[in-house]
Amino acid sequence: MSVSRRITPRGIPRIESLRVENYRALRKVELDKLTPMTVLLGPNGSGKSTVFDVFNFLSECFQFGLRHAWDRRGRGKELKTRGTTGPIVFELKYREQPKTPIITYHLAIDEGAKGPEVVEEWLQWRRGQKGQPFRFLEFKRGVGKAASGDAPDSDDVRVETNLRSPDLIAVNTLGQFTEHPRVAALREFITDWYVSYLSIDQTRNQPEAGPQERLSKGGENLANVIQYLKEQHPERLEQIFSVLRQRIPRLERVEAEPMPDGRLLLQIKDAPFDQPILSKFASDGTMKMLAYLAVLYDPEPPRFIGIEEPENFLHPRLLPELAEECRAASERSQLLITSHSPFLINAMRAEEVRVLYRDEQGFTQAVRACDIQGIPEFISAGASLGHLWMEGHFGFGDPLSNQGAPRSPTGRRG
């Protein structure tokens, strides 16, 4: 088992802020003071999916390489914000575990003569409370230096290294070596991210039999994950069934049975009937809830979980229940959820919700719900966050209005 699959509740990394520049509609956006569970709220076209894709892009860069992630999104022509000339910039501030120093990871990418290039990449931290921040890894276009050791210091010697190609990410390359444990920890963290693009039709597939530990992004290996849990973690599978029985009336259990031709058959059994039905005849909501629970109840969960618009195919009354499961999972993983459902938002805290909107130039902006004038007072008086949004109390984010300028926390129009 790899290190990235041995996570304890006390040792999980947490992203504290994300800054993005020149990535599609994200001309310059910063999400700071991120919580263990963050919900991106906004109308269609506000930029929720683009922020979500930032995490997917970085995950693909570390799993399959920068060129793969870059090319499949249309390269710089489609990725870079219209009218800009600078590189795409991602900057993460995170802690490896509670009370450890904040580490800043900066990655700047641009289109070069032969494809994407890492024009600048660095890792920075401050060892003591009063010390100056310093970079213990710094690369430009495949050439740079990095300090080794478990706790790199400003006085440490930085070994110069030339990567094979300017499209290689230094953290991904050097993180494979034991002499760079801080770099390795970041590589393992990002590689372990799970960003879901769940397709209900894909969950009904009949894949080849064989247990698999983690659900794929599209959910096509759901039957394999059920088989794995049945064989290796039956108590965790029973937990999933117990939750499903509470959320889905009459559901009794889910079975993953090998067929003679080597494929795996996923069946759903309802309590009143003797024989289970094939998953392709089960309801969309049942399949989606089962898939989400397979991720949230993973015995060794991803360190970061992204879920896009979970309200699709689920009954509105199930959304607060799903939010409850997500909140429990956020003690072991960091969650990012996109939504425009008031029923889901009702189960959230104001500091957990980021409202996205387009400004007058068409670029995405974000504000915490708790920083919007009047919202904390409404919440203190017993109002629900989702209803406040639907009733227009946020001052922006209305899909029927083209007015992008929000009401600022001081009450003035931006």
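Owing to the predicted nature of the structure, the values given are computational and were not obtained by experimental measurement. Each chain carries its own residue numbering, running from 1 in the direction its sequence is written. The predicted origin of the model limits local features to residues at a pLDDT of at least 70 and limits the giving and counting of side-chain atom pairs to 80 or more, whereas totals for whole chains, interfaces and linings rest on all residues. Calculated side-chain values reflect all of the structure's heavy atoms, with hydrogen atoms and water omitted.

J.: Is there a simple way to think about the domain arrangement of the chain in this case?
T.: Note: interface size is frequently given as the accessible area lost on complex formation between the parts. The domain boundaries here were taken from an automatic or database domain assignment. What the domain assignment reports for the chain is domain 1 (14-195 + 330-404) and domain 2 (205-300). On a C-alpha basis, the centres of domain 1 and domain 2 stand 33 Å from each other. Tallying the contact residues gives 7 residues for domain 1 and 10 residues for domain 2. Here the quantity called buried area is the accessible surface, traced with a 1.4 Å probe, that two parts lose on coming together, added over both. Regarding the contact of domain 1 and domain 2, the summed buried area is about 670 Å², with carbon and sulfur atoms giving 38% of it. Within this document, salt bridges are pairs made up of a side-chain nitrogen of Lys or Arg and a carboxyl oxygen of Asp or Glu, the two lying within 4 Å of each other. At the junction of domain 1 with domain 2, the criterion picks out 2 salt bridges. Here Lys-217 makes a salt bridge to Glu-60, at a shortest N to O gap of 3.7 Å. In protein, a polar contact means a hydrogen-donor-capable atom and an acceptor-capable atom, both N or O and within 3.5 Å, with residues adjacent in sequence counting only if both atoms are side-chain atoms; elsewhere, any N or O pair within 3.5 Å suffices. Counting across the interface, domain 1 meets domain 2 through 5 residue pairs in polar contact (both at pLDDT 80 or more). In the scheme used here, Gly and all other residues not listed as nonpolar or charged are polar, with Ala, Val, Leu, Ile, Met, Phe, Trp, Tyr, Cys and Pro taken as nonpolar and Asp, Glu, Lys and Arg as charged. Its residues assigned to classes, the side of domain 1 that touches domain 2 comprises 3 nonpolar, 1 polar and 3 charged. Only heavy atoms matter for contacts: two residues are in contact if any of them lie within 4.5 Å across the pair.

J.: Any chance you could explain the state of the cysteines here in plain terms?
T.: One way to say it: the disulfide is the covalent bond shared by the sulfur atoms of two cysteines. Two cysteine sulfurs form what is called a disulfide whenever their separation falls within 2.5 Å. All chains considered together, the criterion is met by 0 disulfides. With no disulfide of its own, Cys-326 has Cys-370 as its nearest cysteine by sulfur position, at a separation of 20 Å.

J.: Would you mind showing me how to read the packing of aromatic side chains here?
T.: To describe a pair of aromatic rings, you give the distance between the ring centres and the angle between the ring planes. Stacked, tilted and edge-to-face are the three classes applied to pairs of Phe, Tyr and Trp rings, where Trp contributes its six-membered ring and a pair requires centres within 6.5 Å; stacked means planes under 30 degrees apart, edge-to-face means over 60, and tilted covers the rest. Counted by the stated rule, this structure contains 10 aromatic pairs. Taking the centre distance of 5.4 Å and the plane angle of 80° together, the rings of Phe-52 and Tyr-197 count as edge-to-face. Here Tyr-197 lies in the loop between β10 (194-196) and α6 (200-203) and Phe-52 lies in helix α1 (residues 48-64), a separation of 145 residues in the sequence. A network of ring pairs unites the aromatic residues Phe-55, Tyr-94, Phe-189, Trp-193 and Phe-304 as a single cluster. Seen from the ring of Trp-122, Arg-135 lies directly overhead, with NZ or CZ sitting 4.0 Å from the centre. Counting from the N terminus, the helices are the DSSP runs of H or I reaching at least four residues and the strands are the DSSP runs of E reaching at least two. Any Lys NZ or Arg CZ found within 6 Å of a ring centre and within 35 degrees of that ring's normal is scored as a charge over the ring.

J.: What am I meant to see in the pattern of salt bridges here?
T.: Where charged atoms from two side chains of opposite charge approach closely, those side chains can pair. Taken as a whole and assessed by the stated rule, the structure comprises 29 salt bridges. Where Asp-298 meets Arg-214, a salt bridge forms, and the shortest distance between an N and an O atom there is 3.8 Å. Within this pair, whereas Asp-298 is found in the loop between α9 (284-296) and β14 (304-308), its partner Arg-214 is found in the loop between α6 and α7 (222-232), the two being separated by 84 residues in sequence. Classification of Arg-214 by relative accessible area gives partly exposed; the value is 22%. In this structure, Arg-247 engages Glu-324 in a salt bridge whose closest nitrogen and oxygen atoms are separated by 3.9 Å. With a gap of 77 residues between them, Arg-247 in helix α8 (residues 234-247) and Glu-324 in helix α10 (residues 319-329) connect regions that are remote in the sequence. What you see here is one network of salt bridges that share partners, running through Arg-24, Asp-53, Glu-60, Arg-72, Arg-73 and Lys-217. Under the scheme applied here, a residue whose accessible area is under 20% of the maximum for its type counts as buried, over 50% as exposed, and between as partly exposed, the area being computed with a 1.4 Å probe on protein chains only.

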